[in-house]
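Remarks on the overall topology
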Amino acid sequence: MRAALLQISSSDDPLTNLSRVKEMIASAVAGGAGFVLTPEVTNIISQDRQHQNDVLHLESDDPVLAGLREAAAMHGIWLAIGSLAIKTGDEDGRFANRSFVIAPDGSIRARYDKIHMFDVQVSETETFRESAGFRPGEEAVTCETPFGTLGLTVCYDVRFPYLHRVLCQAGATILLAPAAFSPVTGAAHWEPLLRARAIENGAYVLAAAQTGNHAVRSGKPRQTYGHSMVISPWGEVLVDAGVDEGIVFIDLNPDEVAQARARVPSLLHDRVFRGPDGQEFK
């Protein structure tokens, strides 16, 4: 299966972002892709909660989700929407950071709400409190496809290896890591974290990323790291998209997963053990 990762610089206008992504999907399909992946928060980059509330929608009537489902059906492709910011109807007004896997008939095959919230101060001038605007998910999700089982994660999830282990123990052979990574943490940690998750589990890691300076009309400006990557099940960097917007391609080979797991069968070697407090882990 030929996969295409879209590296984009989303603005705070969802419909403008939809138009751009649909154009890129068409280009990816023209390049032979049957599986297309977009980054985290494909529909909007904004830290202005009021603006988000004004332009975002519930899943049932979200125009970006509807438009991307139509694009997947029109081109007959699998589409992994890295995530969309979606209204939830919760009383506290928080949104969901929700991934979708769309089948070639346009149906939604899987949904995943980002579990780990990015509540950090990465520098003196850069602070994030994702949980102030987004509610965390509670369930790990896999999705069966003809070319492998997908394990869904989003951005900050990459720092939590137990999530990826659970996904691979449940059958995942391809881990998705869509992101809008900070340039500070990206330069230090992005590649090592992606490679570690691939090596630990003998799985492909496909990480479509936001990049560059994002056009926002209100709220704090935002910059992201880029460097969409594909990591092999043996831990090799197969693709690095750099910092420009664009599309990168990779031909996925399921045999590489089987070969990596045969060489180092660590998924068969997990053991139950007790922690220092006596709690049992696996």
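Here is a short report on the structure shown in this document. (Residues numbered from 1 in each chain as written. Predicted model: local features only at pLDDT ≥ 70, side-chain atom pairs only at ≥ 80, totals over all residues. Heavy atoms only, no water.)

Turning to the overall build of the protein chain, a few remarks are in order. Broken down by element type, the protein chain carries seven helices and 18 strands. Taken over the C-alpha trace, the protein chain has a radius of gyration of 18 Å; the compact-globule value for 282 residues is 19 Å, and the two agree within 12%. In terms of overall dimensions, the protein chain has a C-alpha envelope of 50 × 50 × 35 Å along the principal axes. A total of 282 residues make up the protein chain; the buried ones form 54% of that total. (Helix = DSSP H or I, 4+ residues; strand = E, 2+ residues; numbered from the N terminus. Rg over C-alpha atoms; globule rule 2.2 N^0.38 Å. Buried < 20%, exposed > 50% of the residue type's maximum accessible area, 1.4 Å probe, protein only.)

Grouped together as the largest cluster of nonpolar side chains are 50 residues, with contacts concentrated most on F35 and L206. Excluding residues within four positions of it along the chain, F35 makes contact with M1, R2, A3, A4, W78, L79, A80, F147, L150, L176, L206 and L252. Core analysis: the second largest hydrophobic core is formed by 23 residues, L18, I81, I86 and I108 among them. (Core = buried A, V, L, I, M, F, W, Y, C linked by side-chain atoms within 4.5 Å. Contact = heavy atoms within 4.5 Å.)

Looking at the element boundaries, T38 is found in the loop between β2 (35-37) and α2 (49-55). A polar contact is formed between the side chain of T38 and the side chain of T42, at a distance of 2.8 Å. In terms of polar contacts, T38 uses its side chain to reach the backbone amide nitrogen of G82, at 3.0 Å. Ignoring anything within four residues of it in the chain, the contact list for T38 reads L6, V21, L79, A80, I81, G82, P178 and A208. (Polar contact = N/O pair within 3.5 Å; in protein donor to acceptor, adjacent residues only side chain to side chain.)

Our focus in this paragraph is the sheet that holds strand β3 (residues 78-87). If you trace the six strands from one edge of the open sheet to the other, you get β5-β4-β3-β2-β1-β16, paired in mixed fashion. Lying at the two open borders of the sheet, with one neighbouring strand each, are β5 (108-113) and β16 (246-251). The average undirected angle you get between the axes of adjacent strands in this sheet is 25°. Of the pairings in the sheet, the one linking strand β1 (residues 2-7) to β2 comprises three bridges and is parallel in character. Bridging from a neighbouring strand, A3 pairs with F35 of β2. Together, β3, β4 (95-102) and β5 form the strand contacts of helix α3 (residues 63-75), whose direction differs from that of β3 by roughly 170°. (Pairing = 2+ DSSP bridges. Axes fitted to C-alpha atoms, helices over the stretch in contact; angles between N-to-C directions.)

As a further point, take the environment of D13. Residue position: D13 is located in the loop between β1 and α1 (14-30). Sequence-wise, D13 and F118 are 105 residues apart; in three dimensions their C-alpha atoms are separated by 22 Å. When neighbours within four sequence positions are excluded, D13 is seen to be in contact with N43 and R217. Here the side chain of D13 touches L15 through a polar contact of 3.2 Å, landing on its backbone nitrogen.

A separate point is empty space enclosed by the protein. A complete count under the given rule lists one cavity of 30 Å³ or more for this structure. Its boundaries defined by the atoms lining it, the largest cavity holds a volume of some 80 Å³. Looking at the lining of the largest cavity, the elements that each hand over two or more residues are β3 and β4. When the residues that make up the lining of the largest cavity are grouped by side-chain class, the tally is ten nonpolar, four polar and no charged. (1 Å grid on protein atoms, 1.4 Å probe; cavity = no way out; pocket = protein on both sides within 12 Å on 5 of 7 lines; lining within 4 Å. Points joined across faces, edges and corners; volume = space filled by probe spheres on them. Nonpolar A, V, L, I, M, F, W, Y, C, P; charged D, E, K, R; others polar.)

Attention now moves to the packing of helix α5 (residues 161-169) against helix α6 (residues 183-201). Interhelical geometry of α5 versus α6 gives an angle of 40° and a closest axis separation of 10 Å. Taken together, the axis directions place α5 and α6 in an arrangement best described as oblique. In this structure, α5 meets α6 at a crossing whose hand is right-handed. Two secondary-structure elements touch here, α5 through P161, H164, R165 and C168 and α6 through R197, E200 and N201. (Parallel < 35°, antiparallel > 145°, perpendicular 65-115°, else oblique. Left-handed = near helix turned anticlockwise from the far one by under 90°.)

Looking now at unusual backbone geometry. Its identity is not glycine, yet V41 carries a phi of approximately 40°, on the positive side. Relative to the elements of secondary structure, V41 occurs in the loop between β2 and α2. Judged by its relative accessible area of 10%, V41 is buried. With phi around 45°, C155 is a residue other than glycine that occupies positive phi space. Structurally, C155 is set in the loop between β9 (148-152) and α5. Owing to a relative accessible area of 8%, C155 belongs among the buried residues under this scheme.

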